[in-house]
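Coordinate analysis (summary)
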Amino acid sequence: MDRITIENLQVYAHHGVLPEETVLGQRFLVTAVLELETRPAGRTDDLELSVNYAVVSEKITAFLQKNTFRLIESAAEQLAEYLLLEFPLLHGITLTIKKPWAPVGLPLDTVSVSISRQWHTAYVALGSNMGDKESYLNEAVAFLQNEKTIRVQKVSDYLVTKPYGVLDQDDFLNGCLQLQTLLIPQELLELLQRAEQAANRQRLRHWGPRTLDLDILFYDDQIVWEPNLVIPHPEIPKRTFVLEPMVQIAPYFVHPILRKTMRELLETLSAKNTDNQ
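Only a predicted model underlies this, so the values are computations on that prediction, with no experimental measurement involved.

Among the 7 residues in strand β9 (residues 213–219), 6 count as buried, and that is most of the element. Note that strand β5 (residues 120–128) and β9 share 6 bridges and pair antiparallel. Note on β9: the bridge partner recorded for Y123 is F218.

What follows is the structure in structure tokens.
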């Protein structure tokens, strides 16, 4: 990914823990490394195909002067999200906010915080087997589309499938979607759980009937093993109702552990199911 660097932009703002810092203010230095694809602009000499660093500098200055934060960690976090939402061509950003002569009672030049944030690609499975199933799935997609830190990019067709695991329940309507997000995996999980709660999801028994079921399948090519979250979802290679919609929206996405595409995994599972018939 290409980079445009704004180095040591001087901003006089009011951030700090001490009262005099928020009242009197002080000088901050901001360095922003903007990650984007500059080739289209480079080949055409068209500023509209890049990010105008003068405008970015103005936005940084206005944001830091309009808002007040106790911690420069908060200032950096909020500023990074603001810029990634404000400039659609930005893929990622690294921000360093320096606080020269920070009031710590000891001789030092500067204290600084550096963070890197970017858009991540995730795939989510959707399912419902209670009530108006299609409505529940559509409402889940709309719920995600209304979140500022989410960009829904693709939604598969919905498939009618037989229940998995617990068989004495109604057929499911299943699908998958691709999204971009600024959320980390645990934050995305919490958001999906809020969407399930909005659909009155009740967890009465494992793999039992549900109004809405949302599972993170993949998050970039990351491998996550936590008590409440495993990515990639461990059941993917066994589930036709996941692989078929995944093949529809991302046939050549490679499973980061199995190193096979979605199409290859579906072909393997289909052949296995045929042999077992």
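Estimated volume of the second largest pocket: approximately 330 Å³. E77, E81, L182, L183 and E187 are, among the 18 residues lining the second largest pocket, the residues nearest its centre. Elements represented by at least two residues in the lining of the second largest pocket include exactly α4 (72–86), β4 (110–118) and α6 (185–198). It is α4 that contributes the most residues to the lining of the second largest pocket, 5 residues altogether. Considering only residue class, the lining of the second largest pocket consists of 6 nonpolar, 5 polar and 7 charged.

Here the focus is the sheet that holds strand β2 (residues 26–36). Sheet architecture is open: 4 strands sit in the order β1-β2-β3-β4, paired in antiparallel fashion. Two strands close off the open sheet at either side, each with one partner strand: β1 (2–13) and β4. When strand polarity is set aside, the average angle formed by the axes of neighbouring strands in this sheet is 15°. Taken together, the 7 bridges between β2 and strand β3 (residues 92–100) define a ladder with antiparallel strand orientation. By the bridge assignment for β3, L34 is matched with I93. Lying over the sheet, helix α3 (residues 53–66) contacts β1 and β2, oriented at roughly 35° with respect to β1. On top of the sheet, α4 reaches β2, β3 and β4; it is set at about 35° to β4, its chief contact.

What counts, and where the lines are drawn
- Residues numbered from 1 in each chain as written.
- Predicted model: local features only at pLDDT ≥ 70, side-chain atom pairs only at ≥ 80, totals over all residues.
- Heavy atoms only, no water.
- Buried < 20%, exposed > 50% of the residue type's maximum accessible area, 1.4 Å probe, protein only.
- Helix = DSSP H or I, 4+ residues; strand = E, 2+ residues; numbered from the N terminus.
- Pairing = 2+ DSSP bridges.
- 1 Å grid on protein atoms, 1.4 Å probe; cavity = no way out; pocket = protein on both sides within 12 Å on 5 of 7 lines; lining within 4 Å.
- Points joined across faces, edges and corners; volume = space filled by probe spheres on them.
- Nonpolar A, V, L, I, M, F, W, Y, C, P; charged D, E, K, R; others polar.
- Axes fitted to C-alpha atoms, helices over the stretch in contact; angles between N-to-C directions.
- Contact = heavy atoms within 4.5 Å.

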